[in-house]
Structure formats: C-alpha cells, structure tokens
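Architecture and fold: a report
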Amino acid sequence: MRRLCTPVTMLVLAVGALSGATAARSEAQTTFGIVAGVNLASVNDVQVGSLQQTFDNRTGFHAGVFVDAGLGPVAIRPGLQYLNVGPLFEGATFLDPDAFQVNYIAVPVDVRLQLISMLVAPYVFTGPEFRFLTSNDAQSDFEDDLKNVVMVWSIGAGVKAGPFFPELRYTFDISGVTDQQFEVAGLTVLTDKANVGGFRLSVGLGF
C-alpha cells in the first residue's frame, strides 16, 4: 500500500484553518460546515489484451468540511473531503478487484446559485474538483500507474433547509485516473483514459 499523505492530519488542519476564517465572517453571508455521504461510481470499459473488460458500479463514502461564502443568490463554496471511491476495478476478471481500494483527498470548488430566497431554498451548483491520491491497495506492478492528481467536474442540485444542505452531485472525469496504457497482473491494458464518474449523495450541516 502506498501512502502519499495523511488524510486525518489534513482534515484536522483544514478544520482549524476554516474555523479561523469564519471568526471574521459576515454572519449573513458566510457559513462554515461539515459534510458526509455516500458515492456511487463507475470506470469506463478498457481493452485487456484482446478482450473488452466492463466494470461494475461500486460504492464508497466521503466526509469533510466546507465554507459557503455568498453574495446575494450566488455563493463560492470551497471544501476539503476524504473520498473513498471503493474498489477501482469492481467486477474485473483479470485481477482481484478487492485489492484496489483507492482513497483521495478531494478539493471541490463549487459555484452555487440559489434559485429561491426562502426558508427552504433550492439551489444548483457546478465547479471543478481536484483529487490527491492518499493511498491505494493496488498490486505493486500497478500502483505507479495511478495518477497522483486527478481533476473532475461537478454539477448538482440541493436544498438549503435551515442549517442543512442535502444535495446530489454528479462528477465526470477530465484528466483520467491512469495513463492510456499500463500493465497489471502481466497483462497490457489499453484505454483512452480510465475515467471515473458517478454520483454523490451528501448532507451538509452549517454553523
């Protein structure tokens, strides 16, 4: 297993930094909060030798912190999350899928548009998300083929109900999580890019 950074340490530092930032916040415009939820993701098909390999959807989880800084109906919402994407190659026939648990530190930067100004206020959002590989259980001949930094794009919708922010987010891969060609278990894998996309269901709590 390769560990590139310590997720717990990063989250603790982020909580401290964001807490300090909120000390000088405008009460009406900026909210500090925590978020957690589940994610459902998939990887596109790849060519393994002479065969086409299709992967199953997989589930994982996420948890972290955010700051929602608004000006009227528009808000900028950066965050920091620990993201477990589950077994990367769920349903693979050419390797042991349970050996490929992958984890990231994710930094979403959302632009949020509130549609209605009321106690229960629906909103939509979009923005980039940068993911930094923290650890993986990949086989030793594959772990170096995983990219350390991945970029995805998010679109979604939610509802601001008092201090709660329940929302559904869809992310689609921009950079890919691997190179176009790599080897694993003695087999050559060919792909335009191993792209990861999927849904995240979250509940945020603002303070």
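Read on for an overview of the structure. Note that the coordinates shown come from a computational prediction; the quantities given were computed from them, not determined experimentally.

Cut-off values and rules
- Per chain, residue numbering runs from 1 following the sequence as it is written.
- In keeping with the model being predicted, local features are shown solely for residues with a pLDDT of at least 70 and side-chain atom pairs are shown and tallied solely at 80 or more, while totals for entire chains, interfaces and linings include all residues.
- By convention in this description, side-chain values take in all heavy atoms of the structure and omit both hydrogens and water.
- Between rings of Phe, Tyr and Trp, where Trp is taken as its six-membered ring, a pair exists when centres lie within 6.5 Å; planes separated by under 30 degrees are stacked, by over 60 edge-to-face, and by other angles tilted.
- Secondary structure follows DSSP: runs of H or I at least 4 residues long count as helices, runs of E at least 2 residues long count as strands, and numbering of each begins at the N terminus.
- Buried, partly exposed and exposed residues are distinguished by accessible area as a fraction of the type maximum, computed with a 1.4 Å probe on protein chains only: under 20%, between the cut-offs, and over 50%, respectively.
- Strands are labelled as partners when DSSP assigns at least two bridges between them.
- Note on contacts: a residue pair qualifies if any of its non-hydrogen atoms lie within 4.5 Å across the two residues.
- Polar contact is the term for a pair of N or O atoms within 3.5 Å; when the atoms are in protein, one must be able to donate a hydrogen and the other to accept it, and sequence-neighboring residues count only if both atoms are side-chain atoms.
- Definitions used throughout: a 1 Å grid over protein atoms alone; a cavity as a set of points that fits a 1.4 Å probe which cannot get out; a pocket as an open set with protein on both sides within 12 Å along at least five of seven lines; a lining residue as one with an atom within 4 Å of a point.
- Grid points are joined across faces, edges and corners, and a volume is the space filled by probe spheres set on the points.
- Each residue gets one label: Ala, Val, Leu, Ile, Met, Phe, Trp, Tyr, Cys and Pro are nonpolar, Asp, Glu, Lys and Arg are charged, and the others, such as Gly, are polar.
- Residues belong to one nonpolar core when they are buried, are Ala, Val, Leu, Ile, Met, Phe, Trp, Tyr or Cys, and are joined through side-chain atoms within 4.5 Å.
- Put simply, a patch holds well-exposed residues, over 30% relative accessible area, that have no salt bridge, with like charges counted together within 9 Å and Val, Leu, Ile, Met, Phe, Trp or Tyr side chains within 5 Å.
- Here the Shrake-Rupley method, with its probe set to 1.4 Å, supplies the accessible areas, and only the displayed protein chains count as covering residues.
- For this analysis, a salt bridge means a side-chain nitrogen from Lys or Arg found within 4 Å of a carboxyl oxygen belonging to Asp or Glu.

1. Focus on the packing of aromatic side chains
Applying the stated criterion across every chain yields a total of 7 aromatic pairs. Seen in terms of ring centroids, F66 and F165 are 5.7 Å apart; in terms of plane orientation they differ by 75 degrees. Their pairing is edge-to-face. With a gap of 99 residues between them, F66 in strand β5 (residues 58–71) and F165 in strand β10 (residues 164–173) connect regions that are remote in the sequence. Taking 6.3 Å as the distance between ring centres and 45 degrees as the angle between the ring planes, the aromatic pair formed by Y123 and F125 counts as tilted. Judged by relative accessible area, F125 falls into the buried class, the value being 4%. Connected via pairs of aromatic rings, a cluster forms that spans F66, Y123, F125 and F165.

2. Quick look at the pairing of strand β9 (residues 149–161)
One ladder, built from 8 bridges, connects β9 with β10; its direction is antiparallel. Bridging across to β10, G156 finds its partner in R169. Adjacent in sequence and paired antiparallel, β9 and β10 are bridged by 2 residues, among which G162 carries a positive phi angle near 65 degrees.

3. Considering the environment of S202
As for its placement among the helices and strands, S202 is situated in strand β13 (residues 196–206). Along the chain, S202 and R169 lie 33 residues apart, while their C-alpha atoms are 8.0 Å from each other.

4. Notes on the environment of V152
With respect to the element layout, V152 can be found in strand β9. With relative accessibility at 0%, the residue V152 sits in the buried group. Separated by 45 residues in sequence, V152 and G197 have C-alpha atoms that sit 8.2 Å apart. Residues within four places of V152 in sequence aside, it is in contact with P128, E129, R131, T171, F172, D173 and I174.

5. A short note on the side chain of Q114
Within the element layout of this structure, Q114 appears in strand β7 (residues 101–114). For Q114, the side chain forms a polar contact with the main-chain oxygen of I116, separated by 3.2 Å. Those residues within four positions of Q114 in sequence are excluded, and the remaining contacts are P73, A121, P122, Y123 and K160.

6. A closer look at empty space enclosed by the protein
A full pass over the atoms with the stated rule returns 3 cavities of 30 Å³ or more. Space inside the largest cavity adds up to approximately 130 Å³. Residue assignment for the lining of the largest cavity shows that the elements contributing at least two residues are β5, β6 (74–87), β7, β10 and β13. Counting residues per element, the lining of the largest cavity draws most heavily on β6, at 4 residues. Considering only residue class, the lining of the largest cavity consists of 6 nonpolar, 5 polar and 5 charged. If you add up the space inside the second largest cavity, you get close to 80 Å³. Along its surface, the second largest cavity is lined by N39, L40, A41, L83, V85, R131, T171, V196, G197, G198, F199 and R200. No other element matches the 5 residues that β13 contributes to the lining of the second largest cavity. Class assignment of the residues belonging to the lining of the second largest cavity gives a composition of 6 nonpolar, 4 polar and 2 charged.

7. Here's the deal with the nonpolar core
By size, the foremost hydrophobic cluster in this structure holds 15 residues, and its most contacted members are L88, V102, Y104 and V196. It is β7 that contributes the most residues to this core, 3 residues altogether. Setting aside anything within four residues of it in sequence, one finds Y104 in contact with Q81, Y82, L83, V85, R131, F132, L133, T134, V150 and V177. Grouped together as the second largest cluster of nonpolar side chains are 6 residues, F32, V65, L80 and Y82 included.

8. A closer look at a nonpolar patch on the surface
Residues V38, L40, I155, L168, Y170, F172, I174, F199 and L201 make up a contiguous nonpolar surface patch of roughly 750 Å² in combined accessible area. Elements with a minimum of two residues in the nonpolar patch: β2 (30–43), β10 and β13. In terms of residue count, β10 provides more of the nonpolar patch than any other element does, 3 residues in total. Within the element layout of this structure, L168 appears in strand β10. With a relative accessible area of 44%, L168 lands in the partly exposed category.

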